[in-house]
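The primary structure of each chain is shown beneath.
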Amino acid sequence: MKKFALVALFAVAVFGMAFAATTQTGSVSISGSVAEVFSLTVPGTYAGTIANGSTAETWSIGNVVVTSNVKNWTISVSSANSGYLVHSVDNTEKIAYTMTLGSLVTDQSLASAWTSAAQPRTAKVGNSYALSVKFGPSADYYQAGTYGDTLTVTISHN
């Protein structure tokens, strides 16, 4: 009987150790990346009629759309002719204009390039900015013919 009790005690001790609670901790490191979304859509070519009136005239060119999941981006607008429409035959004939880009800037001269303040990331649909140009009233007639300029719109971020 002593042997049986000793074997039973040994069995309880061995199985008891097998069921004893133990705790171990490990770590799992996870990471991922988000692809950059950074795009610009600008209106195409615009052709309008310039009036020889005595009041200001505005052309609504179209929408500039920026889509970005990057903070602190900027948008710049520059003019090939420093803010003038230039006559296609006689480049001394010029018509000054100012540019408006949505809520970012109003009646901005493009004598030199304009750059916005840093902007936050956009919604998935992007931010849309109405681009327009305005000609002041003229006391003189403009020379007949075709006038033109090229606006360059650039977005960038660091």
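Residues numbered from 1 in each chain as written. Predicted model: local features only at pLDDT ≥ 70, side-chain atom pairs only at ≥ 80, totals over all residues. Heavy atoms only, no water.

J.: Account for the overall build of the chain, naming residues and giving values.
T.: Counting its regular elements, the chain contains one helix and ten strands. Within the span of the chain, comprising 158 residues, buried residues form 25% of the whole. Pairs at least 24 residues apart make up 78% of the contacts formed inside the chain by residues separated by at least 6 positions. Roughly 11,000 Å² of accessible area belongs to the chain as shown, and the carbon and sulfur atoms make up 56% of that amount. (Helix = DSSP H or I, 4+ residues; strand = E, 2+ residues; numbered from the N terminus. Buried < 20%, exposed > 50% of the residue type's maximum accessible area, 1.4 Å probe, protein only. Contact = heavy atoms within 4.5 Å. Areas by Shrake-Rupley, 256 points an atom, 1.4 Å probe, with all protein chains shown as cover.)

J.: Hey, could you go over unusual backbone geometry for me, with residue numbers and the actual values?
T.: At Ser-82, a residue that is not glycine, the phi angle is positive and equals roughly 55 degrees. Within the secondary structure, Ser-82 is located in the loop between strand 3 (74-79) and strand 4 (84-87). Despite not being glycine, Asp-107 shows a phi value in the positive range, around 50 degrees. Position of Asp-107 relative to the elements: it lies in strand 6 (residues 105-109).

J.: How would you explain the environment of Glu-36 if you had to name every residue and give the values?
T.: Note on placement: Glu-36 falls in the loop between helix 1 (2-18) and strand 1 (38-41). Once the C-alpha coordinates of Glu-36 and Ser-68 are considered, the two residues, 32 residues apart in sequence, prove to be 7.7 Å apart. Excluding residues that lie within four positions of it along the chain, Glu-36 makes contacts with Asn-69, Val-70 and His-157. Polar side-chain contacts of Glu-36 include one of 3.3 Å to the side chain of His-157. (Polar contact = N/O pair within 3.5 Å; in protein donor to acceptor, adjacent residues only side chain to side chain.)

Bear in mind that shape data such as this cannot, by itself, settle questions of function.
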